[in-house]
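Listed here are the chains, written in short residue letters.
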Amino acid sequence: MTDIWHSLLANLALVSILVVAWDLVADFTGRFSRRMQSLLLGLVMCVGAVISMATALSVSGFVVDLRAAFIAAAAFFGGWPAMLIATAGSIAYRAHLGGQGAGAGVMGILITASVGIAWHHIVAARSRTMYDIFGLSVTVALAGLITLLVIPAQALTGLVQQSTFPALVFRFLSTIIIGVLLDRQQRRRELLMSNMTYRAMVRELPDCLNIKDVDGRFIAANPPPPKWFAPLRSTI
């Protein structure tokens, strides 16, 4: 296995660790507004993209990393606020790294952000599915090929031979990993909010309500009404 495969594999491990860490703390952000949640997601994904670039292998002056997965995920799950933060931070750091691949790197970031926000709007009017995450991952992986058009001819041959295929594979895998974990986290939060709403409704019902399992055991019930109130009892 060549150095580029080792470097991308280490980057993939970083992707998994960072997203799992975000998954552990993301539930605490549920009290914030939707816009603030998007901004926080964009900040976390921006940090991931920067760390990915900072720990990546340089090939002929070009940084080969998995920043695309973080940027696309920020746009796909967080919309415009998350996309702008992740994109701006990633461009600033890539420009700071410099090198002959800086222009191609910035172009790649902008293309990836465009792909992510396009998929965000595609699924906005319906429920997100695993096919959408798969489609996003394939598109992100293939979008990286567009940057080859702006790479100088003298650097193109060596870069393509060394990094194009592994970069395609790992961009796809990293986007899938981030997408699945973020989708799981958001669905868990939505289920939690739905359960909280349901419990609040049951608690405030004027009628007495209780639920039994198939063996006749009570598994849920709202609080008893005041003594002066005598509603009809409903059993499910």
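Rules used throughout
Residues numbered from 1 in each chain as written. Predicted model: local features only at pLDDT ≥ 70, side-chain atom pairs only at ≥ 80, totals over all residues. Heavy atoms only, no water. 1 Å grid on protein atoms, 1.4 Å probe; cavity = no way out; pocket = protein on both sides within 12 Å on 5 of 7 lines; lining within 4 Å. Points joined across faces, edges and corners; volume = space filled by probe spheres on them. Helix = DSSP H or I, 4+ residues; strand = E, 2+ residues; numbered from the N terminus. Nonpolar A, V, L, I, M, F, W, Y, C, P; charged D, E, K, R; others polar. Axes fitted to C-alpha atoms, helices over the stretch in contact; angles between N-to-C directions. Parallel < 35°, antiparallel > 145°, perpendicular 65-115°, else oblique. Buried < 20%, exposed > 50% of the residue type's maximum accessible area, 1.4 Å probe, protein only. Expected span 1.5 Å × (residues − 1). Polar contact = N/O pair within 3.5 Å; in protein donor to acceptor, adjacent residues only side chain to side chain. Contact = heavy atoms within 4.5 Å. Core = buried A, V, L, I, M, F, W, Y, C linked by side-chain atoms within 4.5 Å. Salt bridge = Lys/Arg side-chain N within 4 Å of Asp/Glu carboxyl O.

Examining empty space enclosed by the protein
All chains considered together, the criterion is met by one cavity of 30 Å³ or more. What the largest cavity holds in volume is close to 450 Å³. Those elements giving two or more residues to the lining of the largest cavity turn out to be β2 (62–64), α3 (67–97), α4 (102–122), α5 (130–143) and α6 (153–204). Per element, the largest residue contribution to the lining of the largest cavity is six residues, and it comes from α4. Its residues placed into classes, the lining of the largest cavity shows 14 nonpolar, eight polar and four charged.

Description of the layout of surface pockets
The space that makes up the largest pocket amounts to roughly 760 Å³. Along the wall of the largest pocket there are 26 residues; nearest its centre are Arg34, Gln37, Phe77, Gln186 and Glu190. Elements with a minimum of two residues in the lining of the largest pocket: α2 (34–54), α3 and α6. With seven residues, α6 is the single largest residue contributor to the lining of the largest pocket.

Observations concerning the packing of α3 against α4
For the pair α3 and α4, the least separation of the axes is 9 Å and the interaxial angle reads 170°. Taken together, the axis directions place α3 and α4 in an arrangement best described as roughly antiparallel.

Let's talk about the environment of Asn210
Relative to the assigned elements, Asn210 resides in strand β3 (residues 208–212). Its relative accessible area of 2% is what places Asn210 among the buried residues. Separated by 13 residues in the primary sequence, Asn210 and Pro223 place their C-alpha atoms 9.5 Å from one another.

Some details on helix α1 (residues 3–25)
The terminal C-alpha atoms of α1 lie 34 Å apart, and with 23 residues this matches the ideal 33 Å at 1.5 Å per residue to within 8%. When we look at burial in α1, the residues that qualify are Ile4, Ser7, Leu8, Asn11, Leu12, Val15, Leu18, Val19, Trp22 and Asp23.

Considering the side chain of Asp65
Along the chain, Asp65 turns up in the loop between β2 and α3. For Asp65, a relative accessible area of 6% puts it in the buried group. Among the polar contacts made by the side chain of Asp65, one reaches the side chain of Arg67 at a distance of 2.7 Å. Discounting chain neighbours no more than four positions away, the residues touching Asp65 are Leu8, Asn11, Ser52, Met53 and Ala56.

A word on the nonpolar core
A general tendency of soluble globular proteins is for nonpolar side chains to be buried together. Grouped together as the largest cluster of nonpolar side chains are 45 residues, with contacts concentrated most on Met45, Phe70, Phe76, Val115, Leu136, Ile178 and Leu182. For this core, the elements supplying multiple residues, two or more each, are α1, α2, α3, α4, α5 and α6. Discounting residues that sit within four places of it in the chain, Leu136 has contacts with Ala72, Phe76, Val115, Gly116, Trp119 and Thr175.

Here we look at the pattern of salt bridges
Applying the stated criterion across every chain, the model contains five salt bridges. Notably, a salt bridge pairs Asp183 with Arg187, separated by 2.9 Å at the nearest N-O pair. One end of the pair, Asp183, and the other, Arg187, are both in helix α6, four residues apart, so they sit about a helical turn from each other. What makes Asp183 buried here is its relative accessible area of 7%. Given a relative accessible area of 40%, Arg187 falls into the partly exposed group. Residues joined in a network through salt bridges with shared partners are Arg128, Asp183 and Arg187.

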